[in-house]
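An overview of the molecular structure
Here's the letter readout for the chains.
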Amino acid sequence: MTGPDARGRCVANRLPAASRRHTTGVTIDTPVNLREVGRLRVLEALHAAPRISRPELVRVTGLSRATVSSLVADLITVGLVTEEAHREGAEVPAARRTGRPAQTLSLVPSAGYAIGADIGHQHVRVILSDLFGTVLWEHWVAKDVDRAPGETLDLVAVLVGRALQEAGVDRERVLGIGAGIASPVEKGSGELGAEGIMPGWVGLHLTDELRGRTGLPVRVTNDANAGALAELMYGAGRQVDDMVYIRLSAGIGAGIVSNGRLLLGARGLAGEIGHLPLVTDGLICRCGNRGCLETVASPVAIARLLSQSWGRQIAARDLLALIKQRNTGALRAVRDAGDAVGRALAALVTLLNPRLVVVGGDLAAAGEDLLEPLRAGIGRHTLPSAARGIEIVTGGLGAGAEVRGAAGLVLSAAPQLLA
Ligand SMILES: [Zn+2]
């Protein structure tokens, strides 16, 4: 979306939603207000660059100097933008290398806040972050989520209230809640495709449920997409346009970034790699199919294999401790899981040709014991030219990836929400 036409359409399409929230008397039928278009362009430019000079802002927005000056004055008056002397390390425009110090403009971090909520199979995590994604408040609760949607959603609402109270943030300043959930989420309707995945949540509209409980606008995606977004915004994928993020937790899913954008598919269900068939005549998966990746490579599946092999109960949470102790049986089981994940990823690598694969979720803590067979699995089942140069790493954000990406859903739309 770099051509002027594409950009112009994009801006015009976004205007009505932004107008509804922050101005009076502007409705979806009002002709495009050029000043509002300009304000949005300035906010988008400030959102894209942490600090920017006025001449640069004129160049990036394509607006006149006078218009930029007037819009910036308004934004400073309402507390969205601040201007300060040039900081060490930032590039100084050539025209400013002599004379008085250059000034740079930036968004005010406290101009808006986002809530992130990560709803897994066995936990709820909520954060409050400022406009720059800095986490100001965080809380994690163990919870048996799959069959208790009402209780879980009530818990999220309580945590949202606590976050605002304890961080001293006014609800009016919150741009919205981003929620990532361990279930497929239908694009558009936001309905959960939770059949077999989260039995109590089938057909629920998470957006409506959370908005009803908190009074805040809500955006929803599945947890693997949230993790991918977080790695793209804050982690290993910051400079990367083509990436696959795979989450290896109680569920297995992938978030796919292609050409800098999350690839969602026609109904938002792309990336369900956990349900690729891996084993002929394997175990029946909770999705109803047979031999899915999730039945052999999730921490639960590995723990089940060890339990059967050793004749005593091993819980998924014990697995990392066993690996740390260099238990040979646990290591073998994790390496076999890595090989299975590598074979499944080989299909994605062949189809999508990513530059980076980021491994997240609980099992990522196994590190090289997991990554080495995973890399080998990709290498063995992919065209040599597609496998060459691909980087395969564990995520940089650990267990906090999904919740930060969930908040990132809101923050990535901050210019439209603030305009
Ligand atoms: Zn399955």
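Presented here is a report on the structure given in the accompanying data block.

1. Description of the overall build of the chain
- If you tally the helices and strands in the chain, you get 15 helices and 12 strands.
- A total accessible area of about 19600 Å² is found for the chain, and carbon and sulfur atoms account for 51% of it.

2. With respect to the environment of Glu83
- Here Glu83 shows up in strand 1 (residues 81–85).
- What Glu83 contacts, discounting residues up to four positions off in sequence, is Arg54, Ile76, Gln103, Thr104 and Leu105.
- Polar side-chain contacts of Glu83 include one of 2.9 Å to the side chain of Arg54.

3. What about the pattern of salt bridges?
- Applying the stated criterion across every chain, the model contains 19 salt bridges.
- Of the charged contacts, one joins Arg162 and Glu166 as a salt bridge, the two residues approaching to 3.1 Å between their closest N and O atoms. Here Glu166 and Arg162 lie together in helix 5 (residues 149–167), a separation of 4 residues that amounts to about one turn.
- In this structure Glu166 comes out as partly exposed when scored by relative accessible area, which is 49%.

4. Section: the coordination of the zinc ion
- Around the zinc ion, the protein contributes the donor atoms His275 (ND1), Cys285 (SG), Cys287 (SG) and Cys292 (SG), which lie 2.0 to 2.3 Å from the metal centre.
- Taken together, the 4 donor atoms coordinating the zinc ion span angles of 105 to 124° at the metal, a pattern that classifies the geometry as tetrahedral.
- Sequence spacing among the residues donating to the zinc ion works out to H-x9-C-x1-C-x4-C.
- When its relative accessible area of 29% is taken as the criterion, Cys287 is described as partly exposed.

5. Regarding unusual backbone geometry
- Unusually for a residue other than glycine, Asn259 sits at a positive phi of about 55°.
- By the element assignment, Asn259 lies in the loop between strand 9 (252–258) and strand 10 (261–262).
- Its identity as a non-glycine residue notwithstanding, Arg326 has a phi of 60°, on the positive side.
- Counting through the fold element by element, Arg326 comes out in the loop between helix 10 (319–324) and helix 11 (328–352).
- Judged by relative accessible area, which is 44%, Arg326 ranks as partly exposed.

6. Focus on the pairing of strand 8 (residues 243–248)
- Buried residues dominate strand 8, accounting for 6 of its 6 residues.
- By the bridge criterion, 6 bridges tie strand 8 to strand 9 in an arrangement that is antiparallel. Residue pairing for strand 9: Met243 is matched across the bridge by Val257.
- In this structure, strand 8 lies alongside strand 11 (residues 356–360), joined through 5 bridges in parallel fashion. Note that in strand 11 the partner of Ile246 across the bridge is Val359.

7. Section: the nonpolar core
- Of all hydrophobic cores here, the largest spans 44 residues; its most connected members are Val42, Leu57, Leu131 and Met243.
- Counting 40 residues, the second-largest nonpolar core is a separate cluster that includes Leu248, Leu306, Ala330 and Leu345.

8. Focus: the packing of helix 5 against helix 6 (residues 206–214)
- At a minimum axis distance of 9 Å, the contact between helix 5 and helix 6 shows a crossing angle of 50°. In terms of their interaxial angle, helix 5 and helix 6 are classed as oblique. Between helix 5 and helix 6 the crossing geometry is right-handed. Residues Gly150, Leu153, Asp154, Val156, Ala157 and Val160 of helix 5 form the contact with helix 6, whose own contacting residues are Leu206, Glu209, Leu210, Arg213 and Thr214.

9. What about helix 6?
- Of all the residues in helix 6, the buried ones are Leu206, Thr207, Leu210 and Thr214. Projected down its long axis, helix 6 shows its buried positions confined to an angular sector of 100°, all on one face.
- Elements in contact with the buried residues of helix 6: strand 3 (113–119), helix 5, strand 6 (174–181) and strand 7 (218–222).
- Looking at the residues trailing helix 6, positive phi occurs at Gly215, about 75°.

Definitions and cut-offs
- Residues numbered from 1 in each chain as written.
- Predicted model: local features only at pLDDT ≥ 70, side-chain atom pairs only at ≥ 80, totals over all residues.
- Heavy atoms only, no water.
- Helix = DSSP H or I, 4+ residues; strand = E, 2+ residues; numbered from the N terminus.
- Areas by Shrake-Rupley, 256 points an atom, 1.4 Å probe, with all protein chains shown as cover.
- Contact = heavy atoms within 4.5 Å.
- Polar contact = N/O pair within 3.5 Å; in protein donor to acceptor, adjacent residues only side chain to side chain.
- Salt bridge = Lys/Arg side-chain N within 4 Å of Asp/Glu carboxyl O.
- Buried < 20%, exposed > 50% of the residue type's maximum accessible area, 1.4 Å probe, protein only.
- Donors = N, O, S within 2.8 Å, 3.2 Å for Na, K, Ca; no water.
- Tetrahedral: all angles 85-135°; square planar, octahedral: opposite > 155°, others 65-115°.
- Pairing = 2+ DSSP bridges.
- Core = buried A, V, L, I, M, F, W, Y, C linked by side-chain atoms within 4.5 Å.
- Axes fitted to C-alpha atoms, helices over the stretch in contact; angles between N-to-C directions.
- Parallel < 35°, antiparallel > 145°, perpendicular 65-115°, else oblique.
- Left-handed = near helix turned anticlockwise from the far one by under 90°.
- Arc of directions from axis to C-beta.

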